Amino acid sequence: MTRSPSPKSRIVITCAKGVPPFLKEEISSLGLPVRSESIAGVETEGTMEDAMRLNLFLRTGQRVLLFLRQLEAKNADELYAGISRMEWENYVSPEEYLCVTSAVDNPTIRDFRFANLKCKDAIVDRIKKKVGRRPDSGSKRTGVVVDLYWKGNLCLVYLDTSGEPLYRRGYRKIPLHAPMQETLAAAVIQATGWKGQGNFVNPMCGSGTLAVEAALAALDIAPGLLRKNFGFMHLKGFNRSSWNKMRQEARARIKKSFQGKLVATDIDPKAIQASRQNAKAAGVDHLIGFSLRDYAETPVPEGHGVVILNPEYGERMGKVEKLKMIYKGIGDFFKKKCQGYTGYIFTGNLDLAKKVGLKARRRLPFFSSNIECRLLEYDLYEGSRRISGDET
Ligand SMILES: C[S@@+](CC[C@H](N)C(=O)[O-])C[C@H]1O[C@@H](n2cnc3c(N)ncnc32)[C@H](O)[C@@H]1O
């Protein structure tokens, strides 16, 4: 950048609720400090280059926000004045497209879009005054994205270096019904501890998100390699050669293969077709054995590993009575066909989960589109303990 926003800044990475423990692990493994954690985000500290690296390597984060300035603003006029005093001409060129996003909790603002508009006006008016032309603006996150966090009189201003949220990896061509977000699927896989050792079996694969994310993690393919556009690329002084170098490093880390087998099945032909296409777009289709079948007929390779299902849970699709039978059937499938494996069910319906009839060893909380979910873990050794009645 012509003038970077100080060599090191606070960097806030947002994520879904339940994900911070996994995001923290990723941030630490990239050699960055964890400064604090909130219910849906983790704060670290670093340079613009660090922000670029986070965008490239993180699997579980949604947006990488680089802190610029803290302002006091009681109302929209004070917001406009404070934002106008910032040197936007150093960050945004008039040829770029600008988008402002926000989270607002201020008594004078009824609609957050008004705050976005005031902030956008302040930025483009400032640039017009300094360089004679103003950038185009709108709601698409395809260019420069500025993010406001305005609570009471305190307003924090960030550059959203991701632009489009990071769950948009770029490989999902066909979403189908109730797909899991890519970043959530990555966190769930991290929670299982699977990194390519042993097998990964995913009946009810839907659009294939879990299987694709598992393959990416096992081969150490940085998710950012699959995406062409990020917010930071549109900032003044974007260092393309440094970005290319990071991408080369990421490519050099990619493994050729992994030990275990990856199996994904679904009863719906459209799901198998979508999964295959999505896996192809991610470059991992050759690693996943897809087949069309009932979950109970899924071929489970000899040995050990992870078997994971994300059945419908009645909130968005499916009928609860029919689902009760399916959950019970999953318990039987685990018990009869998956001995030696660790079983997982990701569900938003704990009553249905009780029908599995096996004792869960762990229950990890997650959120999917604001629905509280659990990842239930079952130890499937020979003669796994059946429990009586409706228990987990
Ligand atoms: C909630 S979706 C899975 C979404 C998936 N995790 C994703 O990210 O796209 C549940 C899937 O279970 C499949 N399904 C339902 N009943 C099934 C059965 N008896 N055998 C196999 N698959 C089944 C559906 O076709 C659907 O694709």
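Everything discussed here concerns the structure shown above.
Residues numbered from 1 in each chain as written. Predicted model: local features only at pLDDT ≥ 70, side-chain atom pairs only at ≥ 80, totals over all residues. Heavy atoms only, no water.

Trainee: How do you make sense of the sheet that holds strand S7 (residues 144-151) when you look at a structure like this?
Mentor: Strands in a sheet are paired, the pairing made by backbone hydrogen bonds, and the direction either parallel or antiparallel. If you walk across this open sheet you meet the 8 strands as S2-S3-S1-S4-S8-S7-S5-S6, and the pairing is mixed. A single partner strand is all that each edge strand has here, and the edge strands are strand S2 (36-38) and strand S6 (136-137). Pairing of strand S1 (residues 9-14) with strand S3 (residues 41-46), which is carried by 6 bridges, proceeds in the antiparallel orientation. The residue of S3 that forms the bridge with Ile11 is Thr44. Sheet contacts for helix H1 (residues 20-29): S1, S2 and S3; angle to S3, the most-contacted strand, approximately 15°. (Pairing = 2+ DSSP bridges. Helix = DSSP H or I, 4+ residues; strand = E, 2+ residues; numbered from the N terminus. Contact = heavy atoms within 4.5 Å. Axes fitted to C-alpha atoms, helices over the stretch in contact; angles between N-to-C directions.)

Trainee: Just to check I follow, could you spell out the packing of helix H3 (residues 76-84) against helix H4 (residues 112-131) for this structure?
Mentor: A pair of packed helices can be characterised by two numbers: the angle between their axes and the separation between those axes. Two numbers describe how H3 lies on H4: the axes approach to 8 Å, and their chain directions differ by 35°. In this structure, the crossing between H3 and H4 has a hand that is right-handed. Contact residues: H3 offers Ala76, Asp77, Leu79, Tyr80, Ile83 and Ser84, while H4 offers Phe114, Ala115, Lys118, Cys119, Asp121, Ala122, Ile123, Asp125 and Arg126. Classifying every residue of the contact of H3 with H4 by side-chain character gives 9 nonpolar, 1 polar and 5 charged. (Left-handed = near helix turned anticlockwise from the far one by under 90°. Nonpolar A, V, L, I, M, F, W, Y, C, P; charged D, E, K, R; others polar.)

Trainee: Would you mind showing me how to read the pairing of strand S15 (residues 371-380) here?
Mentor: Each regular strand shows side chains that alternate between the opposite faces of the sheet. Of all 10 residues that make up S15, 8 are buried, and the element is covered over most of its length. Relative to S15, strand S13 (residues 341-347) runs antiparallel, the two sharing 7 bridges. Note that in S15 the partner of Tyr344 across the bridge is Glu377. Of the pairings in the sheet, the one linking strand S14 (residues 362-368) to S15 comprises 7 bridges and is antiparallel in character. Looking at S15, one finds that Arg363 is bridged to Leu376. (Buried < 20%, exposed > 50% of the residue type's maximum accessible area, 1.4 Å probe, protein only.)

Trainee: For this particular structure, what's the right way to read unusual backbone geometry?
Mentor: Most of the time, phi is negative for any residue but glycine, and the peptide bond is trans. The phi torsion at Asp220 lies on the positive side, around 60°, for a residue other than glycine. Checked against the element boundaries, Asp220 lands in the loop between helix H6 (209-218) and helix H7 (240-253). Positive phi is not limited to glycine here, since Ser369 has a value of about 45°. Assignment of secondary structure puts Ser369 in the loop between S14 and S15.

Trainee: How should I be thinking about the layout of surface pockets in this particular structure?
Mentor: Leftover empty space is mapped by rolling, across the atoms, a probe with the size of a water molecule. Empty space within the second largest pocket amounts to approximately 640 Å³. Along the walls of the second largest pocket sit 32 residues, with Arg63, Ser102, Ala103, Asp147 and Leu148 positioned nearest its centre. Those elements giving two or more residues to the lining of the second largest pocket turn out to be S1, S2, S3, strand S4 (63-72), strand S5 (97-105), H4, S7 and strand S8 (154-160). Looking at the lining of the second largest pocket, its residues break down into 14 nonpolar, 10 polar and 8 charged. (1 Å grid on protein atoms, 1.4 Å probe; cavity = no way out; pocket = protein on both sides within 12 Å on 5 of 7 lines; lining within 4 Å. Points joined across faces, edges and corners; volume = space filled by probe spheres on them.)

Trainee: Looking at this structure, I do not really get the nonpolar core. What am I missing?
Mentor: Across soluble globular proteins, you tend to see nonpolar side chains buried next to one another. The biggest cluster of nonpolar side chains holds 118 residues, and the ones touching the most others in it are Ile83, Trp88, Val146, Val284, Ile288, Phe334 and Phe366. Considering every element that reaches this core, the biggest residue donor is H6, with 7 residues. The next biggest cluster of nonpolar side chains, apart from the first, holds 5 residues, and it includes Leu65, Phe67, Leu156 and Tyr158. (Core = buried A, V, L, I, M, F, W, Y, C linked by side-chain atoms within 4.5 Å.)

Trainee: When you look at empty space enclosed by the protein in this model, what are you seeing that I'm missing?
Mentor: Under the defined criterion, the tally for this structure stands at 1 cavity of 30 Å³ or more. Each pocket or cavity is described by its volume, and for the largest cavity that value is around 50 Å³. In terms of lining, the largest cavity is formed by Asn55, Leu58, Leu166, Arg169, Pro223, Gly224, Arg227 and Phe230. Its residues assigned to classes, the lining of the largest cavity shows 4 nonpolar, 2 polar and 2 charged.

Trainee: Is there a simple way to think about the site of the ligand in this case?
Mentor: Neighbouring the ligand are 17 residues; Met180, Ser207, Thr209, Asp266 and Asn310 lie closest to it. A distance of 2.7 Å is found between an oxygen atom of the ligand and a side-chain nitrogen or oxygen belonging to Ser207. Coverage of the ligand by the protein chains reaches 91% of its 610 Å² of free accessible surface. Of the residues that constitute the shell around the ligand, the class distribution is 8 nonpolar, 4 polar and 5 charged. (Near = heavy atom within 4 Å. Polar contact = N/O pair within 3.5 Å; in protein donor to acceptor, adjacent residues only side chain to side chain. Areas by Shrake-Rupley, 256 points an atom, 1.4 Å probe, with all protein chains shown as cover.)

Trainee: Where do I start with the environment of Pro7 in this structure?
Mentor: In this fold, Pro7 is placed in the segment before S1. Classification of Pro7 by relative accessible area gives exposed; the value is 65%. As a C-alpha pair, Pro7 and Ala76 span 69 residues in sequence and 30 Å in three-dimensional space. In this view, Pro7 contacts Gly46 and Thr47; residues no more than four positions away in its chain are not counted.

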